[in-house]
Amino acid sequence: MKELDLFKKAWKKDIQSYHQVTEVEIYKMLHTKSSSIVKWILIISIIEVLFWTVISVVYNTDEYLKKMDLENLNIYFKALNFFNYAVILVFIYFFYKNYVKISVTVSTKQLMQDILKTRNTVQYYVWYNLTMILFSLIAGIALAFVYNPKMELLKDKITHESNYNTLLIILGILVLCCVIIVGLFWLFYRLLYGILLRKLNANFKELMKIDL
């Protein structure tokens, strides 16, 4: 009987050791996967900035403002552009910081916290970009409507209408266009970063099982 009891104790000890080794291996795998995902978030954000920089060079707002004789507004656009790049660079710095932090994390709880922090940073980044896109659309439409000479006939028609039908139709079309454009960008960001965030979230759930 004593030998049997000793065997049972040894067997339980072996099982506990097996579980510990398995958890360590799972943690290492999740840690590597999470670090790789955050690295890709950083890389994609940098590529995105480079892409929009090329677009802004090709479609220069200076020429557009010059055509409408609004060169005095150029300084405001440059200031807005500088502010936008500054904010995006701050986000990229946070992505880099999250990547470095996750790469050296050794604690399960700390890794979970880093994953949550990264997920929140990406969400804030996406919402900021969508807000700036919407603001740019509204500003562009307002400038074109107020200062573009081609809009004079339309403005005259709206001014002399008593029921504002034309104005309401135009506003409806513009709102619909803004919703569609922002919606397309939202889908783009959801596809671009959403896949990575879902994988990161799956890692988080697996780490919760280990931490329990």
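The following refers to the structure shown. These numbers come from a predicted model, not from an experiment.

**A word on the overall build of the protein chain**
Here's step 1: Check the secondary structure of the protein chain and you find six helices and zero strands.
Here's step 2: Walking the protein chain from its N terminus toward its C terminus, one meets helices and strands in the order α-α-α-α-α-α.
Here's step 3: Taken as a whole, the protein chain presents about 15000 Å² of accessible surface, with 69% of it coming from carbon and sulfur.

**Some remarks on the nonpolar core**
Here's step 1: With 32 residues, the main nonpolar core has Ile41, Val122, Tyr193 and Leu207 as its most contacted residues.
Here's step 2: Sorting the residues of this core by element identifies α1 (2–58), α3 (74–104), α4 (108–147) and α6 (165–211) as the ones contributing at least two each.
Here's step 3: Here the element with the most residues in this core is α4; it accounts for ten residues.
Here's step 4: Filtering out sequence-adjacent residues up to four positions away, tyrosine 193 remains in contact with Ile41, Ile44, Ser45, Glu48, Val122, Tyr125 and Val126.

**Focus on the side chain of serine 45**
Here's step 1: Note that serine 45 resides in helix α1.
Here's step 2: Those residues in contact with serine 45 that sit more than four places away from it in its chain are Ile92, Phe95, Tyr125 and Tyr193.

**Section: the layout of surface pockets**
Here's step 1: Here the second largest pocket is characterised by a volume of approximately 270 Å³.
Here's step 2: Residue lining of the second largest pocket: 13 residues in total, with Gln123, Val126, Arg190, Gly194 and Leu197 positioned closest to the centre.
Here's step 3: Of all the elements in the fold, those that place two or more residues in the lining of the second largest pocket are α4 and α6.
Here's step 4: Take the lining of the second largest pocket: its biggest share by element is eight residues, from α6.
Here's step 5: Of the residues contributing to the lining of the second largest pocket, the split by class is seven nonpolar, three polar and three charged.

**Quick notes on the packing of α3 against α4**
Here's step 1: Taken N-terminus to C-terminus, the directions of α3 and α4 make an angle of 165°; their axes are 10 Å apart at the nearest point. Between α3 and α4, the interaxial angle falls into the category roughly antiparallel. Between α3 and α4 lies a crossing of left-handed hand.
Here's step 2: For the contact of α3 with α4, the per-class residue count stands at 18 nonpolar, six polar and three charged.

**Notes on a nonpolar patch on the surface**
Here's step 1: Taken together, the side chains of Trp127, Leu176, Ile180, Leu184, Trp186 and Leu187 define a hydrophobic patch exposed on the protein surface, amounting to about 650 Å² of accessible area.
Here's step 2: Per-element accounting of the nonpolar patch gives the leading share, five residues, to α6.

**Regarding the packing of aromatic side chains**
Here's step 1: Inspection of the entire model under this criterion finds nine aromatic pairs.
Here's step 2: Note on phenylalanine 95 and tyrosine 125: the rings are 5.4 Å apart at their centroids and 80° apart in plane angle, and the pair reads as edge-to-face. Placement of the pair is phenylalanine 95 in helix α3 and tyrosine 125 in helix α4, with a sequence separation of 30 residues. Here the two residues phenylalanine 95 and tyrosine 125 agree in accessibility, since each one is buried.
Here's step 3: On the basis of an interplanar angle of 20° and a centroid distance of 6.1 Å, the ring pair of tyrosine 189 and tyrosine 193 is categorised as stacked. Of this pair, tyrosine 189 and tyrosine 193 both sit in helix α6, four residues apart, which is roughly one turn of that helix.

**Re the environment of leucine 192**
Here's step 1: With respect to the helices and strands, leucine 192 occurs in helix α6.
Here's step 2: A C-alpha to C-alpha distance of 8.3 Å links leucine 192 and isoleucine 44, two positions 148 residues apart in sequence.

Conventions adopted
- Residues numbered from 1 in each chain as written.
- Predicted model: local features only at pLDDT ≥ 70, side-chain atom pairs only at ≥ 80, totals over all residues.
- Heavy atoms only, no water.
- Helix = DSSP H or I, 4+ residues; strand = E, 2+ residues; numbered from the N terminus.
- Areas by Shrake-Rupley, 256 points an atom, 1.4 Å probe, with all protein chains shown as cover.
- Core = buried A, V, L, I, M, F, W, Y, C linked by side-chain atoms within 4.5 Å.
- Buried < 20%, exposed > 50% of the residue type's maximum accessible area, 1.4 Å probe, protein only.
- Contact = heavy atoms within 4.5 Å.
- 1 Å grid on protein atoms, 1.4 Å probe; cavity = no way out; pocket = protein on both sides within 12 Å on 5 of 7 lines; lining within 4 Å.
- Points joined across faces, edges and corners; volume = space filled by probe spheres on them.
- Nonpolar A, V, L, I, M, F, W, Y, C, P; charged D, E, K, R; others polar.
- Axes fitted to C-alpha atoms, helices over the stretch in contact; angles between N-to-C directions.
- Parallel < 35°, antiparallel > 145°, perpendicular 65-115°, else oblique.
- Left-handed = near helix turned anticlockwise from the far one by under 90°.
- Patch = residues over 30% accessible without salt bridge, like charges linked within 9 Å, V, L, I, M, F, W, Y side chains within 5 Å.
- Salt bridge = Lys/Arg side-chain N within 4 Å of Asp/Glu carboxyl O.
- Phe/Tyr/Trp six-rings, centres within 6.5 Å; stacked < 30°, edge-to-face > 60°.

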